[in-house]
Each structure stands twice: as C-alpha cells, then as structure tokens.
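Chain residues, written in single-letter form:
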Amino acid sequence: MTNLLLRKVGKSFGAFEALKGLDLEVVSGELVALLGPSGCGKTTTLRLISGLEMPTEGQVLFDSRDMSGVEVQQRNVGMVFQRYVLFPHMSVERNVSFGLRVRGTPRDEIEQRVSEILKVVQLEEFRFRFPSQLSGGQMQRVAIARTLITNPSVLMMDEPLANLDTKLRGEMRTFIRSLQRRLKITTVFVTHDQVEAMELADRVAVMFSGRIAQYAAPQTIYHRPASVEVARFIGAPNLMEAKVVRNGGATAISTGFGTLEVGDVHDHADGASVTAMIRPEAVIVGPDEGAEAANVRRGRIAKVDFFGQAITYEIEIDGAILRADEMSNRQLKVDDPVQVRLERERIWVFPGGGHHGMQA
C-alpha cells in the first residue's frame, strides 16, 4: 500500500493554469474521489500522479519519495478509463494477462494470477469469451482485472462508469467499493457524479478551477459544505442569506421568512452576515394547524414533482420558496395549506456570507 501526497502542485499549459497550488493527501489504502465539473483539473491531477504529465511546480510523492523525473513505467500505477480499451480479437483471459505477457512473466505464474483475479472480479465463467460477447459491466470488470493483475501500488480510475446505464452504474459502484476494501489499494477516483463520489469514497475532494474547495468525508461534504459553491454543486437548493441574531438567549438567524433557531453559528458575532442551508429531506411537512412556533412556518404547496420512490415539494412561505423531499407514501396537491418544521440541528450556517438569495 502507498501513501500519496501532492504538495503545492501547479500545472500550466501555456498561459492556462490547470492546477493552482494543489495540496492533497491520500492515505495508504484509502479511496478518494476527485469531484467537480468538467475542466476543473480532475483528470490533469490523475495524469500528474501517473507521470503522464509533470508538474510545473510542486511535488508528487509516493511514500515520501519525490516522483519528479520518474517515468510512467517506473511508478507502478494502474489506470482504468471511461472507455474500456479492450483488444476485440483477444479473449477475456488474454486481455487480462496482456500486461504480464508484455513483462515476460512465466506462463505458470500468468495462469495462476489470471485465475485468481478472474475469481476476484467474478468473471471465471467468461474467461474464453470475447469483448463483443460481454455486457458493459462485464467489460469494465475485465478492464479493472487487467489493471489489478499487475499489482499496482496506486489505482486511478477516470470516470470508469460513465458509459454504463443507471442500473449497471449502481451495481458497479457496489462492486468497485467492495473490491477496493478487500484489496486495500490506494485509489483515486475521478467523477462529476455526486452520488458516485458519496457512495464510493472515504474522502471527497471537491474541485473548481484547478483548486480544491473542500476535502472531507462524504457526510461532511453533504451536510456541512464549506461554501455556497460546494453546496450548489452537490445539490443543496435551500440556501438563504441570513444574519446572526439573539432570540431570547437562543442561537438564531434572521432569514427571508423569519427568525430561525439554529444549533451553531460558529464564531460569528451578532449581526454578522452568513449563509444558511437546510437539506430538503430535513424539511418536515405536515398539515396546517394554524399556529406557529419556533422553526415552524405556515405556507402552501406551490409545486409537486413525483419521482416514484420520492416526491419533491416546493413550498411558498412569505414569498420565499422552500424545497422538501419525502418518501411517496402520500401526495399533497398544489395550493394545499401546510406547516413546515425546520429542525435547528439540521440547519447548517456557513462560516461566511453570500449574495445568492433563497434557492428553489
């Protein structure tokens, strides 16, 4: 297992700065997802780790060894790409063993390692099939097996599930996570899919414009994003400008639809401008009982979206829109009067203000 460290890494292509002072540590045996929009520097980061590109500044270290000038072949890294790049004229067995054959590995050892890795990726019965006879998920497992059979010290995966349908993506996420935990291989996984990153990763690095905006566990990224930009990218529609106030001794914020008690405002003083967020699944919707209490507001259903298992409501409260997600065991109608309750501990106050207003 390998500890991976990027220290103040920058990469320029002419006048364009693809990466800007990037600091990233991937602990030995950890799976880290690089998450961000197209062009944010995710794939460039992978290419620097692999040695396909060299940094303009900074260091890439494997177990404290500076890899500057170390060629791709000497880094012992494995790459799995979005496209499977399998040899169509070779069987599964021959595709998987290709790297070992190129290295001149003895035939008996190749046979043993191919059998072992095909068992790991659950493709034993397909060893004599050709790529054209496989499903997308099976082809991706062949590509993973071909990479793992060479025992790489670092595994890198660049949007490997992008070409699969929704069902297969879910199955492959489960498979990859289970495999990575079993092998305990240091892994960097590139994706622009928030669900993929949250499900797979031990930690997530959210990237924008060549920088890491937040690096934390998936639960922290989801419930406590570091900025409005991160919150919006991971899909947090209930964002509101607010000010810190005191409400009878309670910690509270003043928002577009009244004063809300919150669990914590961090180090912000009274009157400080902040950003507040509450996730849609934390908004509790009930019948309008005609009374308001702390963090309870009356409103009406402005929009209903049915997604099968879940329903999304847009609720108008004093001219502002609050979004609520719940399981579809009932369905309210547009213009139904409702009450919403916002749990104080589920309201996250950002360590900084914003100028973005309420989001629906």
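This is a predicted model, so every value here is computed, not measured. (Residues numbered from 1 in each chain as written. Predicted model: local features only at pLDDT ≥ 70, side-chain atom pairs only at ≥ 80, totals over all residues. Heavy atoms only, no water.)

K.L.:
In this structure, what is going on with the sheet that holds strand β15 (residues 283-287)? I would like to understand it.
P.N.:
Where strands meet in a sheet, backbone hydrogen bonds hold them as pairs that are either parallel or antiparallel. Taken in spatial order, the five strands of this open sheet run β15-β19-β16-β17-β18, and their pairing is antiparallel. Each having just a single partner strand, β15 and β18 (320-327) make up the two edges of the open sheet. Within this sheet the neighbouring strands show an average axis-to-axis angle of 45 degrees, counted without direction. Alignment of β15 against strand β19 (residues 337-342), held across five bridges, turns out to be antiparallel. Considered in β19, the bridge of V285 is made with V340. (Pairing = 2+ DSSP bridges. Helix = DSSP H or I, 4+ residues; strand = E, 2+ residues; numbered from the N terminus. Axes fitted to C-alpha atoms, helices over the stretch in contact; angles between N-to-C directions.)

K.L.:
Would you mind showing me how to read the sheet that holds strand β1 (residues 4-13) here?
P.N.:
What the four strands build is an open sheet, ordered β2-β1-β4-β5; its pairing is antiparallel. The sheet is open, and its two borders are formed by β2 (16-26) and β5 (65-66), each paired with just one other strand. Relative to strand β4 (residues 57-62), β1 runs antiparallel, the two being bridged by five bridges. Paired with R7 across the strands is Q59, a residue of β4. Each of β1, β2 and β4 is contacted by helix α1 (residues 42-50), which is oriented at about 115 degrees to β1, the strand it contacts most. (Contact = heavy atoms within 4.5 Å.)

K.L.:
Would you mind going over the confidence of the model for the protein with me for this structure?
P.N.:
Averaged over every residue, the pLDDT of the protein is 90; residues scoring 70 or more account for 96%. Mean pLDDT across the secondary structure elements of the protein bottoms out at strand β11 (residues 239-247), with 85, and peaks at strand β9 (residues 203-208), with 98. pLDDT under 50 marks residues 355-360. Its contacts with residues more than four places away, or in other chains, come to 25 contacts. (pLDDT = per-residue confidence, 0-100.)

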